[in-house]
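Structure at a glance
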Amino acid sequence: MAVYFLDNDVILKLSAYNLFWDCMKAWGIPDAQIRVLPTAEAVFSRNQAIQEQYGDLACQKARQIAQKSQKLSSPDSILNYTRLSAVEGIDAGEALLVTVALADPEASILTGDKRFLKAFANSGLADLLKSLTGHFVCIEQLMLVLIAQEADFAKIQRRVRQAPECERSIAEAFQGRPEPDATTVSQRLLAIVEDLRAATGNLLDRR
């Protein structure tokens, strides 16, 4: 069964929207198949910048997700971890996500960090990029699938608009006059996904 490795950004942003579990269900991800970074709970609890940006409620939700979810194991290859850590734009947690995912041909990496995706795509690590072709899912893809499956679009729209500023692309997709409907928002999100595909080659899941 496929395993899904989540970076801290996607957990925090979906927690801020109060749509984390909705998105997991829409994408077909069982709770037991979610993996988070070993340090995620501590980061959500103690990082002052994160507390200030996302607020107490989102951080509390993110901590609960981290507490409930299984943690990533140690990487099999220190060499790949070292290679990834040397790439500008890839932090230690992201290097760990990729390294562990390389050992599992069915793994997917869910991310809310476009900078990380672009850094990896432009890293020159051709062997690693080939192994993870189609194994990444960005936050906009998760939102697209949720909108397609959720009958109550107004609920999604309300939660996104009530959330603290955390992902400009998503916030802007839900804004405008006249009020954008589900089709309009989906078209905007799809355009963002396609732009990201153009910048990251074949890394994104083709769903």
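The preceding data block contains the structure.
Residues numbered from 1 in each chain as written. Predicted model: local features only at pLDDT ≥ 70, side-chain atom pairs only at ≥ 80, totals over all residues. Heavy atoms only, no water.

**Structural notes on the pattern of salt bridges**
- For the coordinates displayed, the defined rule picks out 11 salt bridges.
- Measuring nitrogen to oxygen at the nearest pair gives 3.3 Å for the salt bridge that ties K155 to D22. Of the two residues, K155 sits in helix α10 (residues 153-162) while D22 sits in helix α2 (residues 20-27), which places them 133 residues apart along the sequence.
- According to the relative accessible area criterion, K155 is buried, its value standing at 14%.
- The class of D22 is partly exposed, set by a relative accessible area of 21%.
- As a salt-bridge pair, D22 and R159 come within 3.8 Å of each other at their nearest N and O atoms. Of this pair, D22 sits in helix α2 while R159 sits in helix α10; the two residues are 137 residues apart in sequence, bridging distant segments of the chain.
- Under the relative-accessibility criterion, R159 is labelled partly exposed at 23%.
- Overlapping salt bridges bring together K13, K114, E140 and E167 as one network. (Salt bridge = Lys/Arg side-chain N within 4 Å of Asp/Glu carboxyl O. Helix = DSSP H or I, 4+ residues; strand = E, 2+ residues; numbered from the N terminus. Buried < 20%, exposed > 50% of the residue type's maximum accessible area, 1.4 Å probe, protein only.)

**A word on the layout of surface pockets**
- What the largest pocket holds in volume is close to 250 Å³.
- Contributing to the lining of the largest pocket are 16 residues, with N8, D9, I50, D91 and E94 lying nearest its centre.
- Mapped by element, the contributors of at least two residues to the lining of the largest pocket are α1 (8-16), α4 (48-68) and α6 (92-102).
- Ranked by residues supplied to the lining of the largest pocket, first place goes to α4 with four residues.
- When grouped by side-chain class, the residues that make up the lining of the largest pocket number seven nonpolar, four polar and five charged. (1 Å grid on protein atoms, 1.4 Å probe; cavity = no way out; pocket = protein on both sides within 12 Å on 5 of 7 lines; lining within 4 Å. Points joined across faces, edges and corners; volume = space filled by probe spheres on them. Nonpolar A, V, L, I, M, F, W, Y, C, P; charged D, E, K, R; others polar.)

**As for the packing of α2 against helix α9 (residues 139-149)**
- Following both chains from N to C, one finds α2 and α9 inclined at 80°, their axes separated by 9 Å at the closest point. When the axis of α2 is compared with that of α9, the two are roughly perpendicular. Contact residues: D22, C23, M24, A26 and W27 in α2; Q141, L142, M143, V145, L146 and Q149 in α9. (Axes fitted to C-alpha atoms, helices over the stretch in contact; angles between N-to-C directions. Parallel < 35°, antiparallel > 145°, perpendicular 65-115°, else oblique. Contact = heavy atoms within 4.5 Å.)

**Some details on the packing of aromatic side chains**
- For the coordinates displayed, the defined rule picks out four aromatic pairs.
- Measuring from ring centre to ring centre gives 6.0 Å for F116 and F136, while their planes differ by 65°; the resulting arrangement is edge-to-face. Here the residue F116 occupies a position in helix α7 (residues 114-121), and F136 occupies one in strand β5 (residues 136-138), the gap between them amounting to 20 residues. As far as burial versus exposure is concerned, F116 and F136 are alike and both buried.
- Taken together, the ring pairs connect F116, F120 and F136 into an aromatic cluster.
- Over the ring of W21 we find K68, and its NZ or CZ is 4.5 Å from the ring centre.
- Its guanidinium or amino end placed over the ring of W27, R207 lies 3.8 Å from that ring's centre, counting from NZ or CZ. (Phe/Tyr/Trp six-rings, centres within 6.5 Å; stacked < 30°, edge-to-face > 60°. Lys NZ or Arg CZ within 6 Å of the ring centre and 35° of its normal.)

**Let's talk about α10**
- Of all the residues in α10, the buried ones are F153, K155, I156, Q157 and V160.
- Considering only its buried residues, α10 is in contact with α2, α9, α11 (168-173) and α12 (182-200).

**Let's talk about unusual backbone geometry**
- The step from R177 to P178 runs through a cis peptide bond, and the omega angle for that step is 0°.
- Of note in the backbone geometry, N18 takes a positive phi value of approximately 55° without being a glycine.
- Within the secondary structure, N18 is located in the loop between α1 and α2.
- Overall, N18 belongs to the partly exposed group, its relative accessible area being 34%.

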